[in-house]
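# Architecture at a glance
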Amino acid sequence: MSELIGKRAAVLDRGYVELQDAMPHPESGISADNVAVASARVSFLGASKGVEADRRLIHYLMKHRHTTPFEHIAMTFRVHAPVVVWWQWTRHRTASYNLMSGRYIELPEDEYYVPTVWRRQAAQNKQGSESALDATEAEQLSQLLAEHIARGHALYKRALALGVAREQARLFLSGFAVYYTGYVTQNLHNLLHFLRLRMADDAQYEIRQYAQAIYHEFVKPFAPIICEAWETTWEG
């Protein structure tokens, strides 16, 4: 499991998720599943009773929503995502966040999200999308967005050249498309709840890609029995 630390999974066109740290640490010899079992049995001063007994206990905890044992497991990710994703991600106040601001360094000109597929507004869901636009229309929109981004970044650079503070110059940037990097730390119980919501079919496509990468590339290998139980109940 030690290979998980520092592993990076690519997301969208320029984004990524990278596991920075985890508790228990993968090199400790103690698995995330072990931590859940030991904390659940703390009153009996016991730990593992064997793989099958531990599996039954984890499934029981998940099924009956005895979730505190999963709160003793935590993961820290370094995430590179466009603001349109962060806007939704930070609504989950059960995580700890630190995001770059653009006040301390100049933002690079090639760090913007430009989709190749454009989705239509959903007819029955005010906040959702559905079928894709025609490929020709989508290509035109992508080109228009790229031009818009380039104009905005040129104005940003011009403001910086005139001595404008970075915190103001960034107003020229294409706000929802620009990539920001941030750290996210969350205990496993709350992380699974986040994933249940953001991996769902009705979640916005962009954040769904991040959620799927986190779950399949990092969480599932880190806590396989817990994830097995979670998939059975889908309660997180």
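The text that follows walks through the structure, step by step, so that each part is easy to find. (Residues numbered from 1 in each chain as written. Predicted model: local features only at pLDDT ≥ 70, side-chain atom pairs only at ≥ 80, totals over all residues. Heavy atoms only, no water.)

### What to know about the overall build of the protein
This is how it is decided: Note on conventions: DSSP H or I runs of at least 4 residues are helices, E runs of at least 2 residues are strands, and numbering of each starts at the N terminus. Only protein chains enter the accessibility calculation, which uses a 1.4 Å probe; a residue whose area is less than 20% of its type maximum is buried, one above 50% is exposed, and one in between is partly exposed. Residue contacts are defined here by distance: any two heavy atoms, one from each residue, within 4.5 Å place the two residues in contact.
A tally of helices and strands in the protein yields eight helices and seven strands. If you line up the protein on its principal axes, its C-alpha atoms span 65 × 45 × 30 Å. Counting every position in the protein, which comprises 236 residues, the buried fraction comes to 42%. For the protein, restricting intrachain contacts to residue pairs at least 6 apart in sequence, the fraction spanning at least 24 positions comes to 70%.

### Observations concerning the environment of Arg 103
Selection rule: N or O atoms within 3.5 Å of each other form a polar contact, as long as, within protein, one can give a hydrogen and the other can take it, and as long as residues adjacent in sequence are counted only when both atoms are side-chain atoms.
By the secondary structure assignment, Arg 103 is in the loop between β4 (96-99) and β5 (119-121). Separated by 64 residues in sequence, Arg 103 and Glu 167 have C-alpha atoms that sit 4.7 Å apart. Once you skip the residues sitting within four places of it in the chain, Arg 103 turns out to touch Arg 166, Glu 167 and Arg 170. Among the polar contacts made by the side chain of Arg 103, one reaches the side chain of Glu 167 at a distance of 2.8 Å.

### A look at the pairing of strand β3 (residues 74-82)
Formally: One requirement defines pairing of two strands: DSSP has to find at least two bridges between them.
Buried residues dominate β3, accounting for eight of its nine residues. In this sheet, β3 lies alongside strand β2 (residues 15-23) in antiparallel orientation, the contact comprising seven bridges. Bridging across to β3, Tyr 16 finds its partner in His 80. Summarising the sheet, β3 and strand β7 (residues 179-187) pair through nine bridges and their orientation is antiparallel. Its bridge partner lying in β7, Thr 76 is registered against Thr 185.

### Considering the side chain of Thr 181
Here Thr 181 lies in strand β7. Of note is the side chain of Thr 181, whose polar atom sits 2.7 Å from the side chain of His 80. Contacts of Thr 181, omitting those with residues within four sequence positions, involve Tyr 16, Arg 78, Val 79, His 80, Trp 86, Asn 98, Leu 99 and Met 100.

### What about the packing of helix α1 (residues 32-40) against helix α2 (residues 51-63)?
Heads up, the condition is: Geometry is summarised by axes, namely lines fitted to C-alpha atoms with helices restricted to the contacting stretch, and by angles between N-to-C directions that run from 0 to 180 degrees. Should an angle lie under 35 degrees it is considered roughly parallel, over 145 roughly antiparallel, and from 65 to 115 roughly perpendicular; all remaining angles are considered oblique.
The contact between α1 and α2 brings their axes to 10 Å, and the two run at 75°. What the angle tells us is that α1 and α2 run roughly perpendicular. Contacts between α1 and α2 involve Asp 33, Val 37 and Ala 40 from the former and Asp 54, Leu 57, Ile 58 and Leu 61 from the latter.

### Looking at the pattern of salt bridges
Going by this rule: Whenever Lys or Arg places a side-chain nitrogen within 4 Å of a carboxyl oxygen from Asp or Glu, that contact is recorded as a salt bridge.
All told, the structure shown has ten salt bridges when counted by the stated rule. Here Glu 217 ties to Lys 7 by a salt bridge, and the two come within 2.8 Å at their closest N and O atoms. Of this pair, Glu 217 sits in helix α7 (residues 205-222) while Lys 7 sits in the segment before β1 (8-11), and the two are 210 residues apart along the sequence. Take Glu 217: its relative accessible area is 31%, and that puts it in the partly exposed class. Here Asp 54 ties to Arg 41 by a salt bridge, and the two come within 2.9 Å at their closest N and O atoms. Taken together, the positions of Asp 54 in helix α2 and Arg 41 in the loop between α1 and α2 put the pair 13 residues apart, joining distant regions of the chain. Classification of Arg 41 as buried rests on a relative accessible area of 10%. Taken together, the shared-partner salt bridges in this structure form one network comprising Glu 52, Arg 55 and Glu 228.

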